Amino acid sequence: MRDKILRILKEEKGVVSGRALSSMFRCSRTSIWKHIKALKEEGYGISSIPRFGYRLYNIPDLLLPREIKEELSTKFIGHKIYYFKETGSTNDVARDLALASEEEGTLVIAERQTKGKGRIGRRWVSPFGGIWMSLILRPRVSPADASRLTLLSSLAVCKSIKKVVGLPVFLKWPNDVLIGKKKVCGILTEMDSELDLINFVIVGIGINVNMDMNVFPEGLQKTATSIKEELGKDIKRIDLLKSLLEELERLYLLFTEGKFSWILKEWKGYDCIFGHDVEVATLGEIIKGRAMGVDEDGALIIKGLNGATKRILSGDVRLWWRQGDSNP
Ligand code: BT5
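Residues numbered from 1 in each chain as written. Predicted model: local features only at pLDDT ≥ 70, side-chain atom pairs only at ≥ 80, totals over all residues. Heavy atoms only, no water.

**Student:** Outline the sheet that holds strand 12 (residues 300-303), listing residues and values.
**Tutor:** The strand order 13-12-11-10-14 describes an open sheet built from 5 strands, whose pairing is antiparallel. Of all the strands in the sheet, just strand 13 (309-312) and strand 14 (316-319) have a single pairing partner and so form its edges. Strand-to-strand twist across the sheet, computed as the mean angle between neighbouring axes with direction ignored, equals 45°. When strand 11 (residues 286-294) meets strand 12, the two strands line up antiparallel, connected through 3 bridges. Along strand 12, the bridge assignment pairs Ala291 with Ile302. (Pairing = 2+ DSSP bridges. Helix = DSSP H or I, 4+ residues; strand = E, 2+ residues; numbered from the N terminus. Axes fitted to C-alpha atoms, helices over the stretch in contact; angles between N-to-C directions.)

**Student:** Summarise the site of the ligand; cite the residues concerned and give the values.
**Tutor:** Taken together, 26 residues surround the ligand, and among them Ser89, Lys117, Arg119, Arg122 and Lys183 come closest. Burial of the ligand by the protein chains amounts to 90% of its free accessible area of 800 Å². By residue number, the principal contributor to the shell around the ligand is strand 8 (residues 182-193), which donates 4 residues. (Near = heavy atom within 4 Å. Areas by Shrake-Rupley, 256 points an atom, 1.4 Å probe, with all protein chains shown as cover.)

**Student:** Lay out the sheet that holds strand 6 (residues 170-172) in plain terms, naming residues and giving numbers.
**Tutor:** Taken together, 7 strands build an open sheet; the order of strands is 3-4-5-9-8-7-6 and the sheet is mixed. Each edge of the open sheet carries a strand with a single partner, namely strand 3 (81-84) and strand 6. Here the average twist between neighbouring strands, direction ignored, is 20°. Where strand 4 (residues 107-110) lies against strand 5 (residues 131-137), 4 bridges are found, and the strand directions are antiparallel. When the sheet's bridge partners are listed, Val108 is paired in strand 5 with Ser134.

**Student:** Just give me the short version of the pairing of strand 12, but keep the residues and values in it.
**Tutor:** Where strand 11 folds back onto strand 12 in an antiparallel hairpin, the turn is made up of 5 residues, including Gly298, whose phi is positive at roughly 85°. Between strand 12 and the antiparallel strand that follows it, strand 13, lie 5 residues; Gly307 among them carries a positive phi value of about 90°.

**Student:** Go over the pairing of strand 3 with me, naming the residues and quoting the values.
**Tutor:** As judged from the 4 bridges shared by strand 3 and strand 4, these two strands associate in the parallel manner. Of the residues in strand 4, the one forming a bridge with Tyr83 is Ile109. Handedness of the crossover is the feature at issue here: the chain leaves strand 3, passes through helix 5 (residues 90-99), returns alongside strand 4, and the resulting connection is right-handed. (Right-handed = clockwise from strand over helix to strand, strands pointing away.)

Pasting the structure below:
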């Protein structure tokens, strides 16, 4: 009923009488007032005009589940949402939910994370104004194919930023989305699997959206950016999020239908390191050479100084940019 009241207030745009609402829903005016009070507590700007009724004057810039679901055209992604004003890490919450058999497509989202995680134990700074989300997926593919989900997700972020905001975006293997040379989004894919069967995958996506750079620690200000910083104004995060969920589902369905090569082809169109001299820090060594793109398994191909090629499954790429340039 609360959702329906809100929808009426949104459609009406002017004042809606409390009496009309109570007769529409066959309940007391006190009961209507209680729903209005709850909506105000969620952050909606609703003015109560004595003897006239209620008027919605502001929808908050929050990633509220009902706002996400409104006109979301996905088949299953984001149909179930766990929303937090603040949590440790959405990936950790999603993992616990997945272990408790939560269904595929479930989304965990937070306005702020206190223990946001990057790869290999690194920290992900997650103040208010970003999109910090994790998605539970249960693909019926081999665990060896899971890294493709990181590429697929970064492509989805790239396409949705381009579509909704119009900024030029690039991809840096394996999990960075860049604007210019600065990181605007990172992806952390975590998996629970047996030898040849995936139980679930958590795709964690962090996008810096409506934040000023001074909210980041000094070191990060050189390597990170936000959409607001690049665009010079805030955007509606909810629009970007909805577009991202729709793009994620479209690409995920292609992936489960065995059409990863289509996704890879598109990914390559945004690859900002192809043909560049790079060094890749893997867990064991630093590999130098020329980036030759990504293969069908999502591995980075590096052509070494001696002409031999190497496949790298995970690591951090540094471009040999001019000295003094920032390098995420
Ligand atoms: C990543 O790791 O890029 C993965 C980030 C995933 C974050 C999402 S948010 C929702 C979900 N819940 C989580 O707890 N995590 C996921 P990596 O490639 O290891 O990059 C980490 C490095 O990026 C750090 O060491 C910093 O240098 C830098 N960094 C930290 N916070 C950043 C930010 N907000 N923007 C840009 N760079 C950042």
